[in-house]
Amino acid sequence: MTVSEFMNSNPANSSAAPDGGHVLGLDILGSGSPESYLVFAAGAAEIKAEILSEIGKKKYVVSGAECHRKSAVRKFTVLMDRVIGDALQDALLSCDILFGCEQQCVFDYVYFSADSGSGEKGRVTVSVTVDSDGAPDDVSAVSAELFGFGGAPEAFSYTEVSTL
């Protein structure tokens, strides 16, 4: 399902977004247009969005110990039940992604509020951490981590994209 399909099928319904209000879209098929990015929706059990920071500590004669942020990088962790036929999951589980290296696993993404449309756009490196998990009676589980790549993301607004 694409970002625009997701938003059009769930207007003003943040509870439809897998993480309770945000949409995570990935340009894994190379569409180039944020509205055509594929959404982590089918089978998505959890989407965890984090900002990992590197903190520096320094001691000064007068003020004493101080901490400052040196850098920050976006990280997403996605846990899903396997849905065969979902374009995003099928692409994630292709050999090109499972065993890919370097630029093969770098994609554009958007992450925004389903209610306001505001969020961010950037690039991530995709690492599938579990490609099949579960007991014989269970649905197979899939999980992936997406790490920020190439600098900080930029501000993004879905409402701007949808008017193109």
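Residues numbered from 1 in each chain as written. Predicted model: local features only at pLDDT ≥ 70, side-chain atom pairs only at ≥ 80, totals over all residues. Heavy atoms only, no water.

Novice: What is the right way to look at the overall build of the chain in this model?
Specialist: For the chain, the helix and strand inventory stands at four helices and eight strands. Principal axes of the C-alpha set define a box for the chain whose edges measure 60 × 40 × 30 Å. Across the 164 residues that make up the chain, the buried fraction comes to 35%. If you take every contact in the chain between residues at least 6 apart in sequence, the share linking residues at least 24 apart comes to 60%. Of the roughly 9000 Å² that the chain leaves accessible, carbon and sulfur atoms contribute 51%. Computing the positive centroid from 11 side-chain charges and the negative centroid from 23, the chain places the two 16 Å apart. (Helix = DSSP H or I, 4+ residues; strand = E, 2+ residues; numbered from the N terminus. Buried < 20%, exposed > 50% of the residue type's maximum accessible area, 1.4 Å probe, protein only. Contact = heavy atoms within 4.5 Å. Areas by Shrake-Rupley, 256 points an atom, 1.4 Å probe, with all protein chains shown as cover. Lys, Arg positive; Asp, Glu negative; His and termini not counted. Charge placed at Lys NZ, Arg CZ, Asp CG, Glu CD.)

Novice: It is not clear to me how unusual backbone geometry should be interpreted in this structure. Could you clarify?
Specialist: Peptide bonds are mostly trans, and most non-glycine residues show a negative phi. If you check the backbone angles, Glu102 has positive phi at about 55° while not being a glycine. Topologically, Glu102 is positioned in the loop between helix H3 (95-98) and strand E5 (106-113). A relative accessible area of 68% places Glu102 in the exposed class.

Novice: What exactly am I supposed to notice about the packing of aromatic side chains here?
Specialist: A full pass over the atoms with the stated rule returns four aromatic pairs. Judged by centre distance (5.3 Å) and plane angle (70°), the ring pair of Phe76 and Tyr109 falls under edge-to-face. Taken together, the residues Phe76 in strand E4 (residues 64-81) and Tyr109 in strand E5 connect sequence positions 33 residues apart. For Tyr109, a relative accessible area of 1% corresponds to the buried category. By way of ring pairs, the aromatic residues Phe76, Tyr109 and Tyr111 are connected into one cluster. (Phe/Tyr/Trp six-rings, centres within 6.5 Å; stacked < 30°, edge-to-face > 60°.)

Novice: So what exactly am I meant to see when it comes to the pattern of salt bridges here?
Specialist: Here the idea is simple: oppositely charged side chains can pair when their charged atoms come close. This structure, assessed with the given rule, holds five salt bridges. Between Arg123 and Asp108 there is a salt bridge; the shortest N-O distance is 2.8 Å. With Arg123 in strand E6 (residues 118-130) and Asp108 in strand E5, this pair connects stretches of sequence that are 15 residues apart. Exposure remark for Asp108: the relative accessible area of 22% places this residue in the partly exposed category. Taken together, the shared-partner salt bridges connect Glu50, Lys75 and Glu145 into one network. (Salt bridge = Lys/Arg side-chain N within 4 Å of Asp/Glu carboxyl O.)

Novice: Even after reading the chapter, I still don't get the nonpolar core, so can you show me in this structure?
Specialist: Nonpolar side chains in soluble globular proteins tend to end up buried together. Counting residues in hydrophobic clusters, the biggest one holds 24 residues, and the most contacted among them are Leu24, Leu26, Ile28, Phe40, Leu92, Val126 and Leu146. Where this core is concerned, the elements lending two or more residues are strand E1 (22-26), strand E3 (44-60), E4, helix H2 (87-92), E5, E6 and strand E7 (141-148). By size, the runner-up hydrophobic cluster in this structure holds eleven residues, among which are Val3, Val23, Tyr37 and Val39. (Core = buried A, V, L, I, M, F, W, Y, C linked by side-chain atoms within 4.5 Å.)

Novice: I would appreciate a short explanation of the pairing of E7 in the present structure.
Specialist: Consecutive residues of a regular strand have side chains that alternate between opposite faces of the sheet. Strand direction decides the pairing type here: E4 and E7, joined by seven bridges, are antiparallel. Paired with Asp81 across the bridge in E7 is Ala141. Bridge count between E6 and E7: six bridges; the pairing is antiparallel. Note that in E7 the partner of Val126 across the bridge is Leu146. (Pairing = 2+ DSSP bridges.)

Novice: Sorry, what's going on with the side chain of Ser157 here?
Specialist: As for its placement among the helices and strands, Ser157 is situated in strand E8 (residues 154-157). Excluding anything up to four places from it in sequence, Ser157 contacts Gly117 and Ser118.

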